[in-house]
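Each chain is listed here by its residues.
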Amino acid sequence: MTVYFIGAGPGAADLITVRGARTLAACQVCLYAGSLVPRELLAECPPDALLVDTAQLNLDEITGELVRAHEDGHDVARLHSGDPSVFSAVAEQMRRLDAAGVPYEVVPGVPAFAAAAAALKRELTVPTVGQTVILTRIAHRATAMPDGEDLATLGRSGALIVLHLAARYVDRVVEELLPHYGADCPAAVVAMASRPDELILRGSLSDIAEQVKAAGVIRTAVIMVGRTLGAEQFRDSHLYSAERDRHVC
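Residues numbered from 1 in each chain as written. Predicted model: local features only at pLDDT ≥ 70, side-chain atom pairs only at ≥ 80, totals over all residues. Heavy atoms only, no water.

A.B. asks: Where do I start with the side chain of Thr2 in this structure?
C.D. replies: Tracing the chain through its elements places Thr2 in the segment before β1 (3-7). Take Thr2: its relative accessible area is 16%, and that puts it in the buried class. In this view, Thr2 contacts His74, Asp75, Val76, Pro103, Tyr104 and Glu105; residues no more than four positions away in its chain are not counted. (Helix = DSSP H or I, 4+ residues; strand = E, 2+ residues; numbered from the N terminus. Buried < 20%, exposed > 50% of the residue type's maximum accessible area, 1.4 Å probe, protein only. Contact = heavy atoms within 4.5 Å.)

Laid out in structure tokens, this is it:
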């Protein structure tokens, strides 16, 4: 049988993909992170499905549940918030399933940064302003950042930076980005993106930290810093330009 790592999306239950919902509905076992995945999604599971909340389980215990379900002849849905490709802790689970000889597939989902951009009504790549998006986090109690991936280094690019898992450390984010982006650089924070309690904060590097602290935002938030967030006067994209030769591949 197969383990399916399914991206549950950023929070709203209806932002799971059609493929994700169909796969979930076909699995007799579902492992989900109760603190992050909306419980409404569990209604997609078969009525007699075994539901396992992994919020209090460690990696060995989670892997044990996946292997046991496989040995019992059940397909398994492993629900992860957002998209499994970033900050999901899927890599170490897949590595252990490889060692155990358990097959798996990955079903992508809507990532948190995409939901945050939608909430802000912003395209993150704007012609002549910015064409690069950096997805990152900062080092704290969790895993250390690799050499060269600290904010001070990444900030030299001037690209739009999207930070996950960093709202609690917003002062440090501002301190490390200010020398490269300037106090007037647009910044935004979206907490609980796509959920009923979604909170949007807009400002600049000069005031975004105070806004975050005043709002009491410490988790489940995305921080964005970059010029494209405030871009208004920019050249239209060549994609739909009347001057583009549409007969050339």
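Still more ground to cover, so stick around.
A.B. asks: Looking at this structure, how should I read the nonpolar core?
C.D. replies: Most often, soluble globular proteins keep nonpolar side chains buried together rather than apart. In terms of nonpolar packing, the biggest core is built from 27 residues, with Ile161, Leu163, Val173, Leu177, Ile223 and Val225 touching the most fellow members. For this core, the element with the highest residue contribution is helix α6 (residues 170-181), accounting for 5 residues. Membership of the second largest hydrophobic core comes to 17 residues, among which are Cys30, Tyr32, Val37 and Leu41. (Core = buried A, V, L, I, M, F, W, Y, C linked by side-chain atoms within 4.5 Å.)

A.B. asks: What am I meant to see in the sheet that holds strand β8 (residues 186-191) here?
C.D. replies: The strands making up a sheet associate through backbone hydrogen bonding, with each pair oriented either parallel or antiparallel. The strand order across the open sheet formed by 5 strands is β6-β7-β10-β8-β9, and the pairing between neighbours is mixed. Both edges of this open sheet fall to β6 (133-136) and β9 (199-204), since each of them pairs with a single strand only. Along the sheet, successive strands turn relative to each other by an average axial angle of 15°, direction set aside. One ladder, built from 4 bridges, connects strand β7 (residues 160-164) with strand β10 (residues 221-225); its direction is antiparallel. Directly across from Ile161, in β10, lies its bridge partner Val225. Across the sheet, helix α4 (residues 112-120) touches β6, β7, β8, β9 and β10, and the angle it forms with β10 is around 65°. The strands touched by α6 within the sheet are β7 and β10, with β10 carrying the most contacts at an inclination of about 15°. (Pairing = 2+ DSSP bridges. Axes fitted to C-alpha atoms, helices over the stretch in contact; angles between N-to-C directions.)

A.B. asks: Would you explain the pattern of salt bridges in this entry?
C.D. replies: Two side chains of opposite charge can pair, provided their charged atoms sit close to one another. Tallying each qualifying case throughout the model produces 7 salt bridges. Where Glu65 meets Arg68, a salt bridge forms, and the shortest distance between an N and an O atom there is 3.3 Å. Of the two residues, Glu65 and Arg68 are both situated in helix α2 (residues 59-71); the distance of 3 residues between them amounts to about one turn of the helix. The partly exposed category is assigned to Glu65, whose relative accessible area is 23%. Judged by relative accessible area, Arg68 falls into the partly exposed class, the value being 44%. The partner of Asp171 in a salt bridge is Lys213, with the nearest N and O atoms 3.0 Å apart. Remark: Lys213 occurs in helix α7 (residues 208-215) and Asp171 occurs in helix α6; sequence separation between them is 42 residues. What emerges from the salt-bridge pattern is a single network uniting Asp171, Glu210 and Lys213. (Salt bridge = Lys/Arg side-chain N within 4 Å of Asp/Glu carboxyl O.)

None of this, on its own, says anything about what the molecule does.
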